[in-house]
Amino acid sequence: MPEPGVLSRSGRRLSTYVIRACAIALAIENVTSGKGGPFGAVIVREGKIVGEGTNTVTAGNDPTAHGEVNAIRAACKSLGTFSLAGCELYTSCEPCPMCLAAAYWAHIRAIYYGANAADAAKAGFDDAFLYDEIRKEHAARTVPSTQLLRDEAWTSFKVWIEAPNKIEY
């Protein structure tokens, strides 16, 4: 699949190389400004930038505030929707497991990244242990998980299934 061209907010057509460079520039600026980690992301829909984000984990005291998640949040707010179907994610680094899951939940259609997971690991951002943890039995994980009140908890899903006014996602 050929990479689509991208329009800047001013309407000027940018190459996918330039938009990837934009995500990388966001990451570098985020570090040099002292705002956060070396991760930047841009969301594009129909050739237009609809959201940008950088890593603000330490600035906002929010461990989920990764560049990709912040870009997804910005794009959803900008577009007034929870679905980013038809959008592409351009990011400075291969998404971590959380960001990858967020991209799937947002229905992102393609991800383009610069650095890979091995590069991130060299800089101290090693996600390999998360993939290992997911494969383990719940009780064997570093942070053990124990199921409680399953029957009572199922009630929320039963109510969801029967709700006539739900918005599926």
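Just above sits the structure.
Here is a short report on the structure shown in this document.

Their axes nearest at 8 Å, the elements helix 3 (residues 67–79) and helix 4 (residues 97–105) cross at an angle of 25°. Of the possible angle classes, the one that applies to helix 3 and helix 4 is roughly parallel. For the pair helix 3 and helix 4, the crossing hand works out as left-handed. Between helix 3 and helix 4, the contacting residues are Glu-68, Val-69 and Ile-72 on the first element and Met-98, Cys-99, Ala-102 and Ala-103 on the second.

It is worth spelling out the side chain of Glu-88 at this point. Considering the arrangement of structural elements, one finds Glu-88 in strand 5 (residues 87–93). You can call Glu-88 buried: its relative accessible area is 2%. Within the structure, Glu-88 has its side chain in polar contact with the side chain of Arg-109 (distance 2.4 Å).

This model, assessed by the stated rule, comprises six aromatic pairs. Residues Phe-39 and Phe-125 carry aromatic rings whose centres are separated by 4.9 Å and whose planes lie at 90° to one another, so their mutual orientation is edge-to-face. Note that Phe-39 is positioned in the loop between helix 1 (16–32) and strand 3 (40–45) and Phe-125 in the loop between helix 5 (117–122) and helix 6 (128–135), a separation of 86 residues in sequence. We classify Phe-39 as buried; its relative accessible area is 13%. What makes Phe-125 partly exposed here is its relative accessible area of 35%. Ring pairs connect the aromatic residues Phe-82, Trp-105, Trp-160 and Tyr-169, which therefore count as one cluster. A cation sits over an aromatic face here: Lys-166 above Trp-160, 5.6 Å from the ring centre.

So, about the pairing of strand 5. The element strand 5 is largely enclosed, with a buried count of seven among its seven residues. One ladder, built from five bridges, connects strand 3 with strand 5; its direction is antiparallel. Counterpart to Val-44 in the pairing with strand 5 is Glu-88. With five bridges connecting them, strand 5 and strand 6 (residues 110–115) associate as parallel partners. In the sheet register, Tyr-90 faces strand 6, and the bridge partner there is Tyr-112. Tracing the backbone out of strand 5, into helix 4 and back to the parallel element strand 6 gives a crossover that is right-handed.

Procedures and definitions
- Residues numbered from 1 in each chain as written.
- Predicted model: local features only at pLDDT ≥ 70, side-chain atom pairs only at ≥ 80, totals over all residues.
- Heavy atoms only, no water.
- Axes fitted to C-alpha atoms, helices over the stretch in contact; angles between N-to-C directions.
- Helix = DSSP H or I, 4+ residues; strand = E, 2+ residues; numbered from the N terminus.
- Parallel < 35°, antiparallel > 145°, perpendicular 65-115°, else oblique.
- Left-handed = near helix turned anticlockwise from the far one by under 90°.
- Contact = heavy atoms within 4.5 Å.
- Buried < 20%, exposed > 50% of the residue type's maximum accessible area, 1.4 Å probe, protein only.
- Polar contact = N/O pair within 3.5 Å; in protein donor to acceptor, adjacent residues only side chain to side chain.
- Phe/Tyr/Trp six-rings, centres within 6.5 Å; stacked < 30°, edge-to-face > 60°.
- Lys NZ or Arg CZ within 6 Å of the ring centre and 35° of its normal.
- Pairing = 2+ DSSP bridges.
- Right-handed = clockwise from strand over helix to strand, strands pointing away.

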